[in-house]
Amino acid sequence: VVDRAADMALWVAPDARLLYANDAACRRLGYSRGQLLTMRVSDIDPDYQPASWPSHWEELRQAGQLRFETRHRASSGEIYPVEI
């Protein structure tokens, strides 16, 4: 069901590696699933701050969920807003 969902779904590891990408994420970002699974958050989020990732991850771990806005960069170079 998640593979075919209309909304993008990405699963991220504690070290910011992408662990899963559904079909919608592949289409919108313009990468194959195999390509995305070799990437990190910094490869698709131009606003990613490596220094703040550990505290961001800990906040997510403690809260169980977070909602925020950022941007994604597609393989074409297009940058667009997303809600995570």
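Rules used in this analysis
- Residues numbered from 1 in each chain as written.
- Predicted model: local features only at pLDDT ≥ 70, side-chain atom pairs only at ≥ 80, totals over all residues.
- Heavy atoms only, no water.
- Helix = DSSP H or I, 4+ residues; strand = E, 2+ residues; numbered from the N terminus.
- Rg over C-alpha atoms; globule rule 2.2 N^0.38 Å.
- Buried < 20%, exposed > 50% of the residue type's maximum accessible area, 1.4 Å probe, protein only.
- Contact = heavy atoms within 4.5 Å.
- Areas by Shrake-Rupley, 256 points an atom, 1.4 Å probe, with all protein chains shown as cover.
- Lys, Arg positive; Asp, Glu negative; His and termini not counted.
- Charge placed at Lys NZ, Arg CZ, Asp CG, Glu CD.
- Salt bridge = Lys/Arg side-chain N within 4 Å of Asp/Glu carboxyl O.

Novice: Mind showing me how you'd approach the overall build of the chain here?
Specialist: Across its full length, the chain holds 4 helices and 4 strands. Beginning at the N terminus, the succession of helices and strands in the chain can be written as β-β-α-α-α-α-β-β. In terms of overall dimensions, the chain is globule-like: its C-alpha atoms have a radius of gyration of 12 Å, near the 12 Å expected for 84 residues. For the C-alpha atoms alone, the extent of the chain along its principal axes is close to 30 × 30 × 20 Å. Relative to its 84 residues, the chain shows a buried fraction of 30%. Nonlocal contacts in the chain, meaning residues at least 24 apart in sequence, comprise 33% of its contacts between residues at least 6 apart. Surface exposure of the chain reaches about 5500 Å², of which carbon and sulfur atoms provide 51%. Between the centroid of the 10 positive side chains of the chain and the centroid of its 12 negative side chains there is a distance of 4 Å.

Novice: Looking at this model, I keep getting lost on the pattern of salt bridges. Mind explaining?
Specialist: Counted by the stated rule, this structure contains 8 salt bridges. Among the ionic pairs, Glu83 bridges to Arg67, the shortest N-O distance being 3.5 Å. Here Glu83, found in strand β4 (residues 79–83), pairs with Arg67, found in the loop between α4 (53–63) and β3 (69–73); they are 16 residues apart in sequence, far enough to count as distant. By relative accessible area, Arg67 is classed as exposed at 69%. Each of the salt bridges in this network shares a partner with another, and the network as a whole consists of Asp3, Arg4, Asp23 and Arg33.

Distances and angles like these do not, on their own, reveal function.
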